[in-house]
Amino acid sequence: HSKDVGRNTYQYFRVELNERVFERMSLENALRRALEDKDFELHYQPQVDSRSRRLIGAEALLRWRGPEGDPVPPSRFIPVAEDAGLILAIGAWVLEQVCRQNRAWQDAGLPAVPVAVNISAQQFRQPRFVDTVAAVLKTTGLAPECLELELTESVMLDPGERNVAVLSEIRAMGVRVAIDDFGTGYSSLAYLKRLPIDALKIDQSFVRDVVVDADDAAIVDAIIGLAHTMRLRVIAEGVETEAQLAFLQNSGCSEMQGFLFARPMPAEEFALWWREHFQYS
Ligand code: C2E
Ligand code: MG
Ligand code: MG
Ligand code: MG
């Protein structure tokens, strides 16, 4: 009897595993085709100064409709793209697309603001990453100050000289660097101090319960204090409520991004939103 159970369990796992392997393979194939056809889209989410209510920047977020036509979240397809070695080509496409778009907005009379691009670890570790960034700025004619690169702590975990050198080169060009999802990684403070960066983005997992959870409130306060001490900009991600906004403002953080202000939007919609919501001189 127990042998039957064992066999059934084995069968069950084998079916499960096959399904997962199959799903991953078809996702990978679909991604490959999407890359050939440039079948991706970018959405742009406003970043605002919550006091002046002005748009101060945006983050570009990759969107993809899978083979069935439904949106596949980046949290599902980015890891597959990374494993399949497709992230370099996808990342290069994203970078160029964002610079081109930002340049087009300026040509259409919108003010110059930085637009942030998420950079995966593999991209950052490419030997010629800095050259790629410089080349894209040159071909698109975008000012370096209008590009921000978002890297996670894990990308920079290796505290070798290389990371510091690459970041210094990027910033020497005038391009900005932000640490994404800050607080979820393992950066030591000593290491953080050595990193040439411009901004910390407080991870949304801390912002979510900041009003009701004393630990999260303490963490958010600490990150804001740390940023100020190190003369870094600090921006809160995932701001959804007025109460979160009030807490953050009281704690000294005024740069925010979240559904309270706007969701990520396709380029045309983003430009309309921008023109409607914020005066600028
Ligand atoms: P991220 O860089 O931390 O991006 C912020 C995520 O939070 C986005 O999810 C955004 O849609 C979501 N978000 C913004 N405001 C709110 C809010 O108020 N509430 C909640 N619940 N969520 C909010 P998304 O677009 O699903 O992207 C997820 C992750 O995928 C990104 O996290 C980033 O790590 C990665 N990703 C997205 N686009 C790219 C890309 O072009 N390249 C790379 N390498 N990674 C990307
Ligand atoms: Mg990001
Ligand atoms: Mg983030
Ligand atoms: Mg994230």
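Refer to the preceding data block for the structure.
Keep in mind that what you see is a predicted model, and the values were worked out from it rather than measured.

**Concerning the overall build of the protein**
Within the protein one finds 11 helices and 10 strands. C-alpha extents for the protein along the principal axes are approximately 75 × 45 × 45 Å. For the protein, the residues scored as buried account for 45% of the 281 residues in total. A fraction of 67% describes how many contacts in the protein between residues 6 or more apart in sequence connect residues 24 or more apart. By element, 52% of the accessible surface of the protein is carried by carbon and sulfur atoms, the whole surface being about 14600 Å². Distance between charge centroids for the protein: 4 Å, based on 30 positive and 41 negative side chains.

**Examining the coordination of the magnesium ion (ligand 3)**
Around a metal, the idealised angle for a tetrahedral arrangement of four donor atoms is 109.5 degrees; for an octahedral arrangement of six donor atoms it is 90 or 180 degrees. At this site the magnesium ion (ligand 3) is bound by Asp180 (OD), Asp181 (OD), Glu237 (OE) and Glu237 (OE), with donor distances of 2.1 to 2.5 Å. The motif formed by the donor residues of the magnesium ion (ligand 3), counted along the single chain, is D-D-x55-E. Between the magnesium ion (ligand 3) and the magnesium ion (ligand 2), a separation of 4.1 Å is found, and both are coordinated by aspartate 180. Taking the relative accessible area as the measure of exposure, aspartate 180 reaches 6% and is therefore buried. Aspartate 181 sits in the partly exposed class, given a relative accessible area of 25%.

**Notes on the site of ligand 1**
Among the 21 residues in the neighbourhood of ligand 1, the closest are listed as Arg63, Asp180, Gln204, Glu240 and Phe259. In the model, an oxygen atom of ligand 1 is placed 2.8 Å from a nitrogen or oxygen of the arginine 63 side chain. Surface burial for ligand 1 is 80%, taken as the share of its 810 Å² of free accessible area covered by protein chains. In a pocket analysis with a 2 Å cut-off to the grid points, ligand 1 is assigned to the largest pocket. Going through the elements one at a time, strand 2 (54-65), helix 2 (74-83) and strand 6 (176-182) are the ones with two or more residues in the shell around ligand 1. If you tally residues by element for the shell around ligand 1, the top one is strand 2, at 4 residues. The residue makeup of the shell around ligand 1, split by class, is 8 nonpolar, 6 polar and 7 charged.

**What to know about the pairing of strand 5 (residues 147-152)**
Where burial is concerned, most of strand 5 is hidden: 5 out of the 6 residues are buried. In this structure, strand 5 lies alongside strand 6, joined through 5 bridges in parallel fashion. Considered in strand 6, the bridge of glutamate 148 is made with arginine 176.

**Concerning the pattern of salt bridges**
Per the stated rule, a full pass over the model turns up 13 salt bridges. The partner of aspartate 131 in a salt bridge is arginine 128, and the shortest N-O contact between them spans 3.1 Å. Using a relative accessible area of 39% as the deciding quantity, one classes aspartate 131 as partly exposed. Under the relative-accessibility criterion, arginine 128 is labelled exposed at 57%. For arginine 171, the salt bridge goes to aspartate 198, with nearest N and O atoms at 3.0 Å.

**What to know about helix 11 (residues 267-277)**
Listed in full, the buried residues belonging to helix 11 are Ala267, Phe270, Ala271, Trp273 and Trp274. Viewed end-on, helix 11 has its buried residues packed into an arc of 160°, placing them on one side of the element. Facing away from the buried side of helix 11 by more than 90 degrees, the exposed set consists of Glu268, Leu272 and Glu276. Considering only its buried residues, helix 11 is in contact with strand 1 (40-49), strand 2, helix 3 (87-107) and strand 10 (265-266).

**Points about the layout of surface pockets**
Here the largest pocket defines a volume of roughly 1000 Å³. Lining of the largest pocket is provided by 38 residues; of these, Glu59, Leu61, Pro74, Asn118 and Asp180 occupy positions nearest its centre. Looking at the lining of the largest pocket, the elements that each hand over two or more residues are strand 1, strand 2, helix 2, helix 3, helix 4 (121-125), strand 5 and strand 6. Here the residues of the lining of the largest pocket are counted per class, giving 16 nonpolar, 13 polar and 9 charged.

**A word on the packing of aromatic side chains**
Counted under the stated rule, the structure contains 10 aromatic pairs. Judged by centre distance (5.9 Å) and plane angle (45°), the rings of tyrosine 44 and phenylalanine 270 are tilted. Pair noted here: tyrosine 44 is in strand 1 and phenylalanine 270 is in helix 11, with a separation of 226 residues, a long-range link. In this pair, the class of tyrosine 44 matches that of phenylalanine 270, namely buried.

**What to know about the side chain of serine 50**
Mapped onto the secondary structure, serine 50 falls in the loop between strand 1 and strand 2. Taking relative accessible area as the criterion, serine 50 reaches 5% and is therefore assigned buried. Side chain to side chain, serine 50 and glutamine 249 meet in a polar contact 2.8 Å long. When sequence neighbours within four positions are dropped, the list of residues in contact with serine 50 reads Leu245, Gln249, Ser254, Met256 and Phe261.

About the thresholds
- Residues numbered from 1 in each chain as written.
- Chains lettered and ligands numbered in written order.
- Predicted model: local features only at pLDDT ≥ 70, side-chain atom pairs only at ≥ 80, totals over all residues.
- Heavy atoms only, no water.
- Helix = DSSP H or I, 4+ residues; strand = E, 2+ residues; numbered from the N terminus.
- Buried < 20%, exposed > 50% of the residue type's maximum accessible area, 1.4 Å probe, protein only.
- Contact = heavy atoms within 4.5 Å.
- Areas by Shrake-Rupley, 256 points an atom, 1.4 Å probe, with all protein chains shown as cover.
- Lys, Arg positive; Asp, Glu negative; His and termini not counted.
- Charge placed at Lys NZ, Arg CZ, Asp CG, Glu CD.
- Donors = N, O, S within 2.8 Å, 3.2 Å for Na, K, Ca; no water.
- Near = heavy atom within 4 Å.
- Polar contact = N/O pair within 3.5 Å; in protein donor to acceptor, adjacent residues only side chain to side chain.
- 1 Å grid on protein atoms, 1.4 Å probe; cavity = no way out; pocket = protein on both sides within 12 Å on 5 of 7 lines; lining within 4 Å.
- Sits in = over half its atoms within 2 Å of the grid points.
- Nonpolar A, V, L, I, M, F, W, Y, C, P; charged D, E, K, R; others polar.
- Pairing = 2+ DSSP bridges.
- Salt bridge = Lys/Arg side-chain N within 4 Å of Asp/Glu carboxyl O.
- Arc of directions from axis to C-beta.
- Points joined across faces, edges and corners; volume = space filled by probe spheres on them.
- Phe/Tyr/Trp six-rings, centres within 6.5 Å; stacked < 30°, edge-to-face > 60°.

Take it as geometry only, folks, not as evidence of what the structure does.
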